[in-house]
Amino acid sequence: MTDGFMGPPWQADWRIDALVTFEALPDHVREIVLAARAELVTAKDPYFHGIDADAGLPDGLRVMPDQSTAPKGRHICFFDYGNGWLKYSFVRRTEDPQIVVEEVFWQGAEPLTPPPAAE
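1. A few points about the packing of aromatic side chains
- Per the stated rule, a full pass over the model turns up six aromatic pairs.
- Centre to centre, the rings of Trp 10 and Phe 90 are 4.8 Å apart; their planes meet at 70 degrees, and the pair counts as edge-to-face. Separated by 80 residues along the polypeptide, Trp 10 in the segment before β1 (11-14) and Phe 90 in strand β4 (residues 84-91) bring together distant segments of the chain.
- Overall, Phe 90 belongs to the buried group, its relative accessible area being 9%.
- Geometrically, the ring pair formed by Phe 78 and Trp 85 is edge-to-face, given 6.4 Å between the ring centres and 75 degrees between the ring planes.
- Each member of the aromatic cluster is reached from another via a ring pair, and the members are Trp 10, Tyr 47, Tyr 88 and Phe 90.
- One cation-aromatic arrangement involves Arg 62 over Phe 78; the distance from NZ or CZ to the ring centre is 4.6 Å.

Put into structure tokens, the structure is as follows:
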């Protein structure tokens, strides 16, 4: 065990309702969500403090506080160019800091499927 504050990769956990929503998403969206979660757990600062602190994130991904008056509170990680989001908190503990995903939402369109063949 270290004496100081631990760094990334952070532990991550899901609220049960967020996990149920995640599991109901289409496969291609779950891959996007897992990529966004991977960015969060490996970030030096999961709250991306400072001006342009999230500039290094992949295209289609950005992070901001849920409330501008609570910069150390819940944050939103927008993914799929804003078509979905993860709401999460970072529990800053010395022994076991972790990210808790509280909500998952996606409003994108399903991939196009061809119409049924005429008989």
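2. Describing the sheet that holds β4
- As summarised here, the arrangement of the five strands in space is β1-β5-β4-β3-β2, forming an open sheet in which the pairing is mixed. Bordering the open sheet on either side are β1 and β2 (62-65), each of which pairs with just one other strand. With strand direction ignored, the average angle separating the axes of adjacent strands in the sheet is 30 degrees.
- Inspection of the sheet shows β2 paired to strand β3 (residues 75-79) by four bridges, in the antiparallel sense. Paired with Val 63 across the two strands is Cys 77, which belongs to β3.
- Packed onto the sheet, helix α2 (residues 27-42) meets β1, β2, β3, β4 and β5 (98-106) and runs at close to 135 degrees relative to β3.

Rules behind the numbers
Residues numbered from 1 in each chain as written. Predicted model: local features only at pLDDT ≥ 70, side-chain atom pairs only at ≥ 80, totals over all residues. Heavy atoms only, no water. Phe/Tyr/Trp six-rings, centres within 6.5 Å; stacked < 30°, edge-to-face > 60°. Helix = DSSP H or I, 4+ residues; strand = E, 2+ residues; numbered from the N terminus. Buried < 20%, exposed > 50% of the residue type's maximum accessible area, 1.4 Å probe, protein only. Lys NZ or Arg CZ within 6 Å of the ring centre and 35° of its normal. Pairing = 2+ DSSP bridges. Axes fitted to C-alpha atoms, helices over the stretch in contact; angles between N-to-C directions. Contact = heavy atoms within 4.5 Å.

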